[in-house]
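Survey of secondary and tertiary structure
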Amino acid sequence: MTTHPLPPLRISITCACSMHLALFPLDEQTCTLDIASYGWAKNDLIYVWKEGNPVQLAGNLSLPGGFKLGAFGSRYCDVKTTTGEYSCLRVDLLFARQLSFFLVTVYVPCSMTVSVSWMSFWLDHKAVPARVALGVTTLLAMSTTQASIQNSLPPVAYTKAIDVWSGVCVFFVFSALLEYALVNYASRSDAQRAAKQKERKEKELELCAFNAEQIEDSSHTHSLDPLLRRMEGAQSVPLTSIIPSNIPSSRIAAWMKNYKFAAKKIDVLSRVCFPSCFFVFSALYWTYFLNKEQERKK
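Source: prediction; values computed, not measured.

Criteria and cut-off values
Residues numbered from 1 in each chain as written. Predicted model: local features only at pLDDT ≥ 70, side-chain atom pairs only at ≥ 80, totals over all residues. Heavy atoms only, no water. Salt bridge = Lys/Arg side-chain N within 4 Å of Asp/Glu carboxyl O. Helix = DSSP H or I, 4+ residues; strand = E, 2+ residues; numbered from the N terminus. Buried < 20%, exposed > 50% of the residue type's maximum accessible area, 1.4 Å probe, protein only. Pairing = 2+ DSSP bridges. Contact = heavy atoms within 4.5 Å. Patch = residues over 30% accessible without salt bridge, like charges linked within 9 Å, V, L, I, M, F, W, Y side chains within 5 Å. Areas by Shrake-Rupley, 256 points an atom, 1.4 Å probe, with all protein chains shown as cover. Core = buried A, V, L, I, M, F, W, Y, C linked by side-chain atoms within 4.5 Å. Axes fitted to C-alpha atoms, helices over the stretch in contact; angles between N-to-C directions. Phe/Tyr/Trp six-rings, centres within 6.5 Å; stacked < 30°, edge-to-face > 60°.

1. A few points about the pattern of salt bridges
Here the idea is simple: oppositely charged side chains can pair when their charged atoms come close. In total, this model carries eight salt bridges according to the counting rule given. The salt bridge partner of Asp27 is Arg97, with a shortest N-O separation of 2.6 Å. Here the residue Asp27 occupies a position in the segment before strand 1 (28–36), and Arg97 occupies one in strand 5 (residues 88–97), the gap between them amounting to 70 residues. A relative accessible area of 4% means that Asp27 is categorised as buried. The salt bridge partner of Arg131 is Asp267, with a shortest N-O separation of 3.0 Å. Residue Arg131 is located in helix 2 (residues 128–151), and its partner Asp267 is located in helix 6 (residues 262–297); the two are separated by 136 residues in the primary sequence. Taken individually, Arg131 and Asp267 each receive the classification buried, so the pair is uniform in this respect.

Here's what the structure looks like:
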């Protein structure tokens, strides 16, 4: 005799689901709910799914934590042990994260903080308080954002996708601060080099004036022609002053020739290199982790 009991009671269950957060927040989590009897074997009790639509969910179901229910299904999970075989029913629930929530709260603010740190490349290298304050402020803001992200997640022993993003953002902000240290060092070197060139030119002018006086006071002349006397007393012009020896080999080199000081060159290169590297990283990040999630689904 087969019975189909329908107990007139409602059971509320609070369940826990272990998650693998390596792709967080681009991940999808599958949680299972098992209904089984370990006191009665299949010879005494068998659980069978109702035909049609055995699992029913509320139409206005909403989940906290940025989750949404992606799919669900039902299957059997009978267990065989040394004491016998036991009937089991299993419900599979697929939870997908709403990426828009993390885009607004994590990815966009981090990208904006990194972009603000690049503003120092357009400030004058002599504006030390402004550039240092901007670099330190963005670094503290990025560190605070990273700490808040870590505090909202359970500690795990592996690196998550959001850790890669926040870590690289902190690296870019810190690199912008180090860039100004390099610019400051280069500006001091430029000042020392300019002082040495000025001193060298003053010595050359003094030497030329001294030679001109010697030529005028010279009593012996090899020619009575004034033109020849000037040619004999004149210094030889080097060939490199007529034909430049360092011709730029590329457009980038020719463009960098427009900037005389090394400090300015570093700032100009940083204006191009930092945004380009960050955009390349962003493209690689989204391509890798989105494809990784698709491979995991398959």
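2. Let's talk about the pairing of strand 5
Most of strand 5 is tucked away: seven of the ten residues are buried. The pairing of strand 1 with strand 5 spans nine bridges and is antiparallel. Pairing of Cys31 across the sheet is with Leu93, part of strand 5. Bridging between strand 2 (residues 67–76) and strand 5 involves nine bridges; their strand directions are antiparallel. Looking across to strand 5, one finds that Leu69 is bridged to Phe95.

3. What to know about unusual backbone geometry
In this structure, Pro25 follows Phe24 across a cis peptide bond, with omega equal to 5°. Within the secondary structure, Pro25 is located in the segment before strand 1.

4. Considerations on the environment of Val132
Position of Val132 among the secondary structure elements: in helix 2. Judged by its relative accessible area of 34%, Val132 is partly exposed. Residues Val132 and Tyr180, spaced 48 residues apart in sequence, show a C-alpha to C-alpha distance of 7.9 Å. Val132 has contacts with Leu177 and Tyr180, leaving out every residue within four places of it along the chain.

5. Digging into a nonpolar patch on the surface
The grouping of Leu103, Val104, Val108 and Met112 at the surface amounts to a nonpolar patch, some 360 Å² of accessible area in total. Here Leu103 is to be found in helix 1 (residues 99–117). What makes Leu103 partly exposed here is its relative accessible area of 32%.

6. Here we look at the nonpolar core
Counting residues in hydrophobic clusters, the biggest one holds 28 residues, and the most contacted among them are Val106, Val114, Trp165, Cys169, Phe278 and Tyr285. Elements represented by at least two residues in this core include exactly helix 1, helix 2, helix 3 (161–217) and helix 6. In terms of residue count, helix 3 provides more of this core than any other element does, eight residues in total. Once you skip the residues sitting within four places of it in the chain, Tyr285 turns out to touch Tyr107, Ala161, Ile162, Val164 and Trp165. Core analysis: the next-biggest nonpolar cluster, separate from the first, contains five residues, Tyr180, Val183, Ala186 and Ala263 among them.

7. As for the sheet that holds strand 1
The three strands lie next to each other as 1-5-2, forming an open sheet whose pairing is antiparallel. The strands lining the two open edges of the sheet, one partner per strand, are strand 1 and strand 2. On average, adjacent strands in this sheet sit at an angle of 20° to one another, irrespective of strand direction.

8. Comments concerning the packing of aromatic side chains
Here the structure, examined in full by the defined rule, presents 20 aromatic pairs. Aromatic pair Phe67 and Phe95: ring centres 6.1 Å apart, planes at 75°, arrangement edge-to-face. With a gap of 28 residues between them, Phe67 in strand 2 and Phe95 in strand 5 connect regions that are remote in the sequence. Phe95 sits in the buried class, given a relative accessible area of 15%. Geometrically, the ring pair formed by Tyr107 and Tyr285 is tilted, given 6.1 Å between the ring centres and 55° between the ring planes. Here Tyr107, found in helix 1, pairs with Tyr285, found in helix 6; they are 178 residues apart in sequence, far enough to count as distant. Judged by its relative accessible area of 3%, Tyr107 falls in the buried class. We classify Tyr285 as buried; its relative accessible area is 2%.

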